[in-house]
Amino acid sequence: MLLTTQQLFKACYGRYAIPAVNVFFMEEIHGLFAAAEEAQAPIIVQTTPFARDYAHAGMLLAMIGAAARIYPGVVYAVHLDHGYEEHIYDAIENSGYTSVMIDASHDDFDQNVSRTRAVVARAHEKNISVEAELGVLSGVEDDLSVDAAHSFYTNPAEVEAFVKATGCDSLAIAVGTSHGAYKFSGGQGLQFSILEEIRQRLPGFPLVLHGGSNVNPQIVERINAAGGQLKTDAKGVQDDEIRRAIPLGICKINIATDTRLLWTMVNREFFRDKPEEFAPTTPGKIFMDTYRKFMQEKFDLLGCSGRAVDFH
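A quick note: this is a predicted structure, and the numbers were derived from the prediction, not measured.

Trainee: What's the story with the packing of aromatic side chains in this structure? I'm lost.
Mentor: Inspection of every chain in the model, using the stated rule, returns seven aromatic pairs. On the basis of an interplanar angle of 65° and a centroid distance of 5.3 Å, the ring pair of F33 and Y76 is categorised as edge-to-face. One end of the pair, F33, is in helix α2 (residues 26–39); the other, Y76, is in strand β3 (residues 76–83), with 43 residues separating them in the sequence. A single burial state applies to F33 and to Y76, both of which are buried. Aromatic pair F109 and F162: ring centres 5.9 Å apart, planes at 65°, arrangement edge-to-face. Here F109 is found in helix α6 (residues 109–125), whereas its partner F162 is found in helix α7 (residues 156–166), with 53 residues between them in sequence.

Trainee: Whenever I open this one, the environment of G167 confuses me. Can you help?
Mentor: Looking at where G167 falls in the secondary structure, it is placed in the loop between α7 and β8 (170–173). On the basis of relative accessible area, G167 is assigned to the partly exposed category, the value being 32%. Distance from G167 to E28, taken between C-alpha atoms, is 33 Å for residues 139 residues apart in sequence. Setting aside residues no more than four positions away along its own chain, G167 makes contact with V120 and H124.

Trainee: I would appreciate a short explanation of the sheet that holds strand β1 (residues 18–22) in the present structure.
Mentor: If you trace the eight strands once around the closed barrel, you get β1-β2-β3-β4-β5-β8-β10-β11, paired in parallel fashion. Taking each pair of neighbouring strands and ignoring which way they run, the sheet shows an average axis angle of 25°. Pairing of β1 with strand β2 (residues 43–47) involves three bridges; the strand directions are parallel. Looking across to β2, one finds that V21 is bridged to V45.

Trainee: Is there a simple way to explain the packing of α2 against helix α12 (residues 281–302) in this structure?
Mentor: It is at 8 Å that the axes of α2 and α12 come closest, and there the two elements cross at 45°. The orientation of α2 with respect to α12, classified from their angle, is oblique. For the pair α2 and α12, the sense of crossing is right-handed. Residues E27, E28, H30, G31, L32, A34, A35, A36, E38 and A39 of α2 pack against G284, F287, M288, Y291, R292, M295, Q296 and F299 of α12. A breakdown of the residues in the contact of α2 with α12 according to their chemical character gives ten nonpolar, four polar and four charged.

Trainee: Just to check I follow, could you spell out the side chain of D81 for this structure?
Mentor: Assignment of secondary structure puts D81 in strand β3. Of the side chains bearing the opposite charge, K252 lies closest to the buried D81, which forms no salt bridge; the N-O distance is 4.7 Å. If near-sequence neighbours (up to four positions away) are discounted, D81 is found in contact with N22, Q46, T47, T48, P49, M101, H210 and N254.

Scoring rules and cut-offs
Residues numbered from 1 in each chain as written. Predicted model: local features only at pLDDT ≥ 70, side-chain atom pairs only at ≥ 80, totals over all residues. Heavy atoms only, no water. Phe/Tyr/Trp six-rings, centres within 6.5 Å; stacked < 30°, edge-to-face > 60°. Helix = DSSP H or I, 4+ residues; strand = E, 2+ residues; numbered from the N terminus. Buried < 20%, exposed > 50% of the residue type's maximum accessible area, 1.4 Å probe, protein only. Contact = heavy atoms within 4.5 Å. Pairing = 2+ DSSP bridges. Axes fitted to C-alpha atoms, helices over the stretch in contact; angles between N-to-C directions. Parallel < 35°, antiparallel > 145°, perpendicular 65-115°, else oblique. Left-handed = near helix turned anticlockwise from the far one by under 90°. Nonpolar A, V, L, I, M, F, W, Y, C, P; charged D, E, K, R; others polar. Lys, Arg positive; Asp, Glu negative; His and termini not counted. Salt bridge = Lys/Arg side-chain N within 4 Å of Asp/Glu carboxyl O.

What follows is the structure in structure tokens.
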């Protein structure tokens, strides 16, 4: 069942969160939908402009549509993550997406409002939800790079005026997360005082946590033991922080780094242990099964396992 993110958030607010998972290729999409159907968990399937350039938007949407037919019990939304106008308007006009994000967080407040409001007007004509962002996350992911010196937390005093002026359906906030595998090296964690004040100023309004991966150190260790050279001082969002954030209005938690690390671990270990192999399908099957189990653990953490029933 294909829904908008607004429909998903209306049901989950304050009770559980929905994982928004970046996908690039078939094995990820298979694993995600298989896990969601087995766990009866609603999901948000995300594509970035980088993924669209890599696989082509038509290919990604065709694979997502095929997965929805193969796994007909899955409740899902399709979201364009970190889009700029050229990507967003293409997604709105060429269908397939039920949600888009306008990333104008690097602009000043007034320019962010202006750009976001224009996207909202176009998207709402097609019943497409809009996620906006206020505050900037540091880190590196895809072709997005923001130096930590230029990152700043969301100012709670601005959120009411921003939401009212733009008409956006959800708001991504900067409360201490970062993009990419090298996050939280300073160990600061989520800033719950900021999150709590934003929730008080926007009661009932869906909030989004970008950079929501955990960066499991055991997976990093396994990658490096199989020939990788990843840094080992990264720290993602911890499970207890996720559980604490959900009642404070976090409805959508973005996951990208964790699934990339999973792919790297599976493939490095496979070809280390079986250097005579060369067929991509064998490690692909292992990855899909590993991915499926990983996502089911995420569903349990976010509290969305069994919640597809809310939408039938």
